[in-house]
Each structure stands twice: as C-alpha cells, then as structure tokens.
Amino acid sequence: MINILLAEDQALVRQGIKMMIEQHPSFRVVAEVANGKEAVDAYEKHLVDLVLMDVRMPVMTGIEATKVIRQRDPKAKVLILTTFADDEYAMEALRLGALGYLLKDADAANLLSSIESCLNGGISIDAWVAGKVVPRLINRPGQAPSSMEMVELTSRERTILQLVGEGKNNQEIAEALHLSIGTVKNHVTVILQKLGLRDRTQLAIFAIRNGVV
C-alpha cells in the first residue's frame, strides 16, 4: 500500500479528497491534518510515501511545511493541491522540491494520475499554472546550470535527460527504453550528480533550458 498524508484545513474538502484518493486500490490516507505544523509532526510519526499539501492553512502554511519536511527528509515527496492558481506559490513550492502543483478543480482521475506520477519520479503541474511558471523557471538565474559544456553524459543519459524534460516519470522512461525502473533511477541519480543538480525539477528545467527537449 502507498501511504499518503493529507494536509487540508477544511474538513469537508479533506473528506472528499480522501474519498477520491482511496478509490485507488493501492492508496490509503494514513493521516489527516488541518495545518502545516500538524503536517510536519504527522510526517515524522507515520511511514509516508507522499504528502498531499494544501497551501493556505493556519498555524503554518503548506509552503512552510514543505520547506521543513524537505529539509528534514530531502527524499520526501510532496504534491501541492490548492485552489490558488498563483505562480508565486507554485514557484516557491517547486523551488523547495515539491513534485507537483495541482488545482482542486482536478477530477479524481487527474488527481490519482498526478499522485502516481510523483511517486514514480515525475513532475505534475496544472496546465494553466505551468504556462505561467515554466517560462519563469527557465529564465530564472541560479535555478540550474545553463550550459552542458564540459559535462560528459553518455548517450543513454542524454536520452533519459530528454525524457525527464518531456515530463516522463520513471515508469514511462523504463517502458520507452526497455529498462527496469531501478536502472532508470540509478541513471537519474548519476545525471543529477554529473550536472550538480538537486532534484528532478531542476533536471527538467536544465533539459528545457539547454534545448535537450
């Protein structure tokens, strides 16, 4: 089972989201919290595979909670789910390592596929938000190295870099290249190390910025 922590301050909304999540036979919500502080505490108490995080919550916002959780566990997977199609929120969430920024008007199928994508190493951003955020991320200085000069990537690594830039998750890359998911994960780790990047978001930005996609 995939264990999910749900952080949402409105009880009725939280209940509806939980029902959508648990339509998937392998997903279960192991903890429900109403603010960012509770999300941080619950993450430390439960074996969590993914955090579904609202943005505007009392005590501590979802952005602040994402920062704390990612600082304590750099491998933590966080998917933002919010009503706010705000590019500043999205920019900050992605900068902190969130794997996605989804709006609450998404249907159950979209929500479940976004969760699956994030769990498999993909990035899921609402199309409307992506249209505003991606150009800013590409042009923002300091987000990722801007040149592939002096970087030695194998042909296989360049292919994987291209697929990451296209938004493919590990499962999709593995199927496209007839590799195991473990092999793809190892390649991605090596590519990150070679390029001096922190996470998959930076890797996707790097691929776009350098014309690999």
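Fair warning: this is a prediction, and the values are worked out from it, not measured in the lab.

**Q** An account of the overall build of the protein is requested, with residue identities and associated values reported.
**A** What the protein contains, in helices and strands, is 10 helices and six strands. By sequence separation, contacts in the protein at least 24 residues apart represent 66% of the contacts at least 6 residues apart. Here the protein displays about 10,200 Å² of accessible surface, and carbon together with sulfur accounts for 51% of that area.

**Q** With reference to specific residues and values, describe the nonpolar core.
**A** Residues Leu5, Tyr43, Val51, Met53, Ile80 and Tyr101 are the most contacted members of the largest nonpolar core, which totals 28 residues. For this core, the secondary structure elements donating two or more residues are strand 1 (2-7), strand 2 (27-33), helix 2 (36-45), strand 3 (50-53), helix 3 (62-72), strand 4 (78-82), helix 4 (87-95) and strand 5 (100-103). If you look at the next biggest cluster of nonpolar residues, it comprises 19 residues, including Val164, Leu177, Leu203 and Ala204.

**Q** Quick one: what's the story with the confidence of the model for the protein, residue by residue and with numbers?
**A** It should be kept in mind that the predicted coordinates are not to be read in detail where pLDDT is low. Scored by pLDDT, the protein comes out at a mean of 86, with 88% of its residues at no less than 70. Ranking the elements of the protein by mean pLDDT puts helix 6 (residues 127-139) last, at 64, and strand 1 first, at 98.

**Q** Talk me through unusual backbone geometry; I want residue IDs and the actual numbers.
**A** One can expect most non-glycine residues to show negative phi and most peptide bonds to be in trans. Notably, Val59 is not glycine yet its phi reads approximately 70°, a positive angle. Among the structural elements, Val59 can be located in the loop between strand 3 and helix 3.

**Q** Talk me through the pattern of salt bridges; I want residue IDs and the actual numbers.
**A** Inspection of every chain in the model, using the stated rule, returns nine salt bridges. The shortest N-O distance in the salt bridge between Lys104 and Glu8 comes to 2.5 Å. Of this pair, Lys104 sits in the loop between strand 5 and helix 5 (108-119) while Glu8 sits in the loop between strand 1 and helix 1 (11-21), and the two are 96 residues apart along the sequence. Under the relative-accessibility criterion, Glu8 is labelled buried at 1%. A salt bridge links Lys37 to Asp41; the nearest nitrogen and oxygen atoms lie 2.8 Å apart. You can see Lys37 and its partner Asp41 sitting in helix 2, four residues apart, about one turn around the helix. If you follow the salt bridges from partner to partner, you end up with Glu8, Asp54 and Lys104 in one network.

**Q** Help me get a handle on the pairing of strand 4, residues and values and all.
**A** In terms of residue burial, strand 4 counts as a mostly covered element, since five of its five residues are buried. By the alternation rule, side chains of strand 4 split into Val78, Ile80 and Thr82 and Leu79 and Leu81, which are all buried. Pairing between strand 3 and strand 4: three bridges, direction parallel. Each residue of the ladder has a partner; that of Val51, found in strand 4, is Val78.

**Q** I'd love a proper account of the packing of helix 7 (residues 155-165) against helix 9 (residues 181-195), names of residues and values included.
**A** Packed helix pairs are characterised by how far apart their axes lie and by the angle those axes make with each other. Running from N to C, helix 7 and helix 9 cross one another at 95°; their axes reach a closest spacing of 10 Å. The orientation of helix 7 relative to helix 9 falls into the category roughly perpendicular. For the pair helix 7 and helix 9, the contacting residues are Arg156, Glu157, Ile160 and Leu161 in the first and His187, Val188, Val190, Ile191 and Lys194 in the second. Here the residues of the contact of helix 7 with helix 9 sort into five nonpolar, one polar and three charged.

**Q** Requested: an account of the pairing of strand 5, with residues and values cited.
**A** Every other side chain in a regular strand lies on the same face of the sheet, so the side chains alternate between the two faces. Burial of the side chains of strand 5 extends over both faces: Gly100 and Leu102 are buried on one face and Tyr101 and Leu103 on the other. Bridge count between strand 4 and strand 5: four bridges; the pairing is parallel. Bridged to Leu81 within strand 5 is Leu102. For the crossover that starts at strand 4, traverses helix 4 and ends in the parallel strand 5, the hand is right-handed.

Conventions used here
Residues numbered from 1 in each chain as written. Predicted model: local features only at pLDDT ≥ 70, side-chain atom pairs only at ≥ 80, totals over all residues. Heavy atoms only, no water. Helix = DSSP H or I, 4+ residues; strand = E, 2+ residues; numbered from the N terminus. Contact = heavy atoms within 4.5 Å. Areas by Shrake-Rupley, 256 points an atom, 1.4 Å probe, with all protein chains shown as cover. Core = buried A, V, L, I, M, F, W, Y, C linked by side-chain atoms within 4.5 Å. Buried < 20%, exposed > 50% of the residue type's maximum accessible area, 1.4 Å probe, protein only. pLDDT = per-residue confidence, 0-100. Salt bridge = Lys/Arg side-chain N within 4 Å of Asp/Glu carboxyl O. Pairing = 2+ DSSP bridges. Axes fitted to C-alpha atoms, helices over the stretch in contact; angles between N-to-C directions. Parallel < 35°, antiparallel > 145°, perpendicular 65-115°, else oblique. Nonpolar A, V, L, I, M, F, W, Y, C, P; charged D, E, K, R; others polar. Right-handed = clockwise from strand over helix to strand, strands pointing away.

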